[in-house]
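Here's the letter readout for the chains.
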Amino acid sequence: MTKGGISRQRTAIVGAVGLLALLGIMVVAATIPLRYQEGIDRGRQSRSGKSQVSSYRGSIYDRQGQPLAVTEPEAELIADLRELSLQLHRTGESVDDVVSLLSRELGMEPEATRALQEKLFLPMVRAMALRSELAKVRNFDEKKSVQQALRRVPGYLPIISRISLPHAERLRSLKGKARPGLRAVEAKKSAPGFMRAFRVIRRTMRRYPEQGLAGHVIGYTNRDGIGVSGAESLWQDYLAPRSQKVEGARDRKRHFLPKERMRAVHELLGADVYLTLHQGLQAVLERELDGQIKSQEAIGGAAVVLDANTGAILAMASNPRMNPSVGRERVGQRAMNRVTQYGYELGSTVKPFVVAAGLETRRIREDQWLDCDKGRIMIPGRRRPLWDHHKMEACNISMIIAHSSNVGTIKIGRATGPRTVRALYDRVGLVDTPNIGLGSVASGRLPRVRSGGWMSATDSDTMMFGYALRGTLLSVTSAYTAFATGGQRLTPFITDRIRIGSEEFPAPRPERVQVLDKDIVEKILPMLEAVVNTEDGEHPARIPGVVSGGKTGTSVKYIPGMGYNHQRHHASFVGILPLYEPRFVIGIMVDEPKDRYGAAAAGPVFREVGTWALEHLANQSPEPEITSEVVSALQRVRESLPVQVENEDLLTSRRALGKVAKRLGLLPDFRGLDLRTAVVELRGLGLSTALEGAGQVIGQTPAPSTPLDQVDGQVLLQLGRL
């Protein structure tokens, strides 16, 4: 065979082999989808599917739209200590260089800078020492031991819990520009290498702008943003942010590429809840209750203000207070809402209902007189007689209520019949605490009825003045709404309306229940008025210029396992304001006050809170107390007033009294003024100012009409929203 023939043969063979190889590759390529279909499907599914998009939790507001609980976006800064130690070891920099850059970029205060340095110093000293040791050792076993120790250094450490979103974006930008091994002093357009060790995590946080105001009502959320107590739990399904699942796929960098329109964040916001609370009244109620508990050296207390026309809860306070922002205050006694969850024997606040039962059955008349036996009576089952504080002989029904005579009330109850009285207690819901949705409520208890309808003789008498039964402040205050509405008991409610998107929906309103006849209520009201408007005019709950009424209560405290402790008491007061054109029903309870009687222990809170409520919510201005000294002083300055006012008008004009307060040497009333006006007035009197809160003046210390010579040079103004 010639040389040319061999060459052509080799070419043909190589071509045939190449063709066969190409055919083999094509066959393999064609069969790959069949042979590896399952794996390909898994890969495609890992890059496609649905992504869930959500938004922020809804907010909680008071009835006027003032925020009580809001969700705010923020970020957290986390450091990878292993990476940080590696970068610092390479560049020879220290923790001080890191802290200096972060402090400058975040605008941190000196205290925050020191705290950051302390947080990083100890773990970084250990990590840097291990890095240095690792660079020196040559033995394999020793090197492996150091590496194991280095792996035990925390991977990530939260170093700043809250940073603003602009600062977060700035830090993310610096991390993107970071160059490994670059020192901070050399970084100009780039960023130092240690910035690679930081991560910025965006998140949302639940904030309570008023820092504990109405904490028991608002409640709080857990770390997952789910309501745990209070309104946060009650309206969890509405407040929770809505979400949307969007189909799409992810690219090689795991960026999600939606196939359909993704809804905007504001379209997925949770619903907003508006409570019936009035923020200004809530602040005043908490301040007055806290001050009274402190002055009475009590261990706690509760107060509630109801709208007398609707039953809406305008303010609700419990002491000890709870700040939802502070975790340690969410447990124990602080977490208890004493308005709804604290049961106690109601004391003499039940006596108007005993009289109502007697009038209803016609066993007594409103003008009837009884023999009160000089305040002494024997109760079955007791060895010693029961004594009244006022040892009256003959007394009428109004005097029995006004002086809280146990003897007279027991006689009314005996004439009416204990089962009849108990049935009325049950009908008006005296011990039934309405469940307004803020968690569990204390169970009520009435005297036990045995078989055949028989009751204990002791319980039959003691229930007439508030023992042998158990209720809460909300249960007895709710029962008193029957006296404010002509016999209709109002069920309290805490939610005013709910806003979903741009639409608002009113919350459900409880039904009214007729529990007393209107003519019975009309006979009871003057008796409640006689309690507050005493002959000497010095009742602690009295508001000058306003007709109000109510009933005090005192009960010996029952200690489980120990019985009654006669050294400890519950003192309470429930009142209606104004009495004949009711706007508010207010209940106050003080636990273990030094003054055992409800008038002294709880009455001042009713007076101060009621005065504020009338001025700012009912557009009524209660007149200040005018003593003979003030009358004489007003007469002396009458001629010097810029506008001549008749003496009678002058003595009944709150505005005129304010104009001449400085001339009389008295401290003016600054409540309701804006801060600037109040400060100017105080400077004119030569007094300095201390501030608490923000907004308009809602309270002051010393109180209005305090002689200026008794002011120590400074006036504390409590600020808030009216």
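Because the structure is a prediction, the values reported are computed rather than measured.

Undergrad: Mind laying out the environment of Ile412, listing which residues take part and the relevant values?
TA: With respect to the helices, strands and loops of the structure, Ile412 is situated in helix 14 (residues 406-416). C-alpha separation for the pair Ile412 and Ile400, spaced twelve residues apart in sequence, amounts to 9.9 Å. Aside from chain neighbours lying at most four places away, what touches Ile412 is Val354, Val355, Ile364, Leu370, Ile397 and Ile400.

Undergrad: Explain the sheet that holds strand 19 (residues 549-559) to me, using residue names and the numbers behind them.
TA: Across the sheet, five strands lie side by side as 10-9-21-20-19; this open sheet has antiparallel pairing. In this open sheet, the two strands that pair with only one neighbour each are strand 10 (313-319) and strand 19. The sheet shows a mean angle of 10° between the axes of neighbouring strands, taken without regard to direction. On top of the sheet, helix 11 (residues 279-295) reaches strand 9 (300-307), strand 10 and strand 21 (584-591); it is set at about 30° to strand 10, its chief contact.

Undergrad: Residue-level account of the sheet that holds strand 24 (residues 714-720), with values.
TA: One open sheet accounts for three strands, arranged 22-24-23; its pairing is mixed. Sheet topology places strand 22 (688-693) and strand 23 (696-701) at the edges, where each strand pairs with a single neighbour. Ignoring strand direction, the axes of neighbouring strands in this sheet form an average angle of 30°. In this structure, strand 23 lies alongside strand 24, joined through five bridges in antiparallel fashion. Following the sheet pairing, Gln700 is matched in strand 24 by Leu717.

Undergrad: Summarise a positive patch on the surface; cite the residues concerned and give the values.
TA: On the surface, a cluster of positive charge is contributed by Arg82, Arg126, Lys144, Arg151 and Arg152. Given the relative accessible area of 58%, Arg152 is considered exposed.

Undergrad: I'd love a proper account of the nonpolar core, names of residues and values included.
TA: Among the nonpolar cores identified, the biggest contains 87 residues, and Phe353, Val355, Tyr425, Leu430, Phe483, Leu516 and Ile524 are the most heavily contacted of them. For this core, the element with the most residues is helix 17 (residues 473-484), which contributes eight residues. Of all hydrophobic cores here, the second largest spans 37 residues; its members include Leu84, Val99, Ala127 and Ala178.

Undergrad: Account for the pairing of strand 3 (residues 67-80), naming residues and giving values.
TA: Within a regular strand, side chains alternate between the sheet's two faces. Counting buried residues along strand 3, eleven of its 14 residues qualify, which places the element largely inside the surrounding structure. Across two bridges, strand 2 (residues 60-61) lies against strand 3 in antiparallel orientation. Each bridged residue has a counterpart across the sheet, and for Ile60 the counterpart in strand 3 is Ala69. Two successive antiparallel strands, strand 2 and strand 3, enclose a turn made up of five residues, where Gly65 displays a positive phi of approximately 90°. Relative to strand 5 (residues 198-207), strand 3 runs antiparallel, the two being bridged by ten bridges. Bridge assignment links Glu74 to a residue of strand 5, and that residue is Arg203. Strand direction decides the pairing type here: strand 3 and strand 4 (residues 156-163), joined by five bridges, are antiparallel. From the neighbouring strand, Leu77 faces strand 4, where its bridge partner is Ile160.

Undergrad: Describe the confidence of the model for the protein, and please don't skip the residues or the numbers.
TA: Across the protein, pLDDT averages 83, with 85% of residues at or above 70. Averaged pLDDT values over the elements of the protein bottom out at 41 in helix 21 (residues 647-651) and peak at 97 in strand 21. Confidence drops under a pLDDT of 50 for residues 639-656, and excluding neighbours within four residues, the segment shows 26 contacts in the predicted structure.

Undergrad: Could you give me a rundown of helix 6 (residues 140-151), with the residues and numbers involved?
TA: Helix length check: helix 6 (twelve residues) gives 16 Å between terminal C-alpha atoms against 16 Å at 1.5 Å per residue, within 8%. The set of residues buried in helix 6 consists of Val146, Ala149 and Leu150. Seen along its axis, helix 6 keeps its buried residues to an arc of 100°; they face one direction. Exposed side chains of helix 6 directed beyond 90 degrees from the buried face belong to Phe140, Asp141 and Arg151. Considering only its buried residues, helix 6 is in contact with helix 3 (81-91) and helix 5 (110-136). N-cap assignment for helix 6: the residue whose side-chain oxygen lies 2.9 Å from the backbone N of Asp141 is Asn139.

Undergrad: Just give me the short version of a nonpolar patch on the surface, but keep the residues and values in it.
TA: Together, Leu19, Leu20, Leu22, Leu23 and Met26 make up an exposed nonpolar region whose accessible area comes to about 510 Å². Within the fold, Leu23 resides in helix 1 (residues 3-35).

Definitions and cut-offs
- Residues numbered from 1 in each chain as written.
- Predicted model: local features only at pLDDT ≥ 70, side-chain atom pairs only at ≥ 80, totals over all residues.
- Heavy atoms only, no water.
- Helix = DSSP H or I, 4+ residues; strand = E, 2+ residues; numbered from the N terminus.
- Contact = heavy atoms within 4.5 Å.
- Pairing = 2+ DSSP bridges.
- Axes fitted to C-alpha atoms, helices over the stretch in contact; angles between N-to-C directions.
- Patch = residues over 30% accessible without salt bridge, like charges linked within 9 Å, V, L, I, M, F, W, Y side chains within 5 Å.
- Areas by Shrake-Rupley, 256 points an atom, 1.4 Å probe, with all protein chains shown as cover.
- Salt bridge = Lys/Arg side-chain N within 4 Å of Asp/Glu carboxyl O.
- Lys, Arg positive; Asp, Glu negative; His and termini not counted.
- Charge placed at Lys NZ, Arg CZ, Asp CG, Glu CD.
- Buried < 20%, exposed > 50% of the residue type's maximum accessible area, 1.4 Å probe, protein only.
- Core = buried A, V, L, I, M, F, W, Y, C linked by side-chain atoms within 4.5 Å.
- pLDDT = per-residue confidence, 0-100.
- Expected span 1.5 Å × (residues − 1).
- Arc of directions from axis to C-beta.
- Polar contact = N/O pair within 3.5 Å; in protein donor to acceptor, adjacent residues only side chain to side chain.

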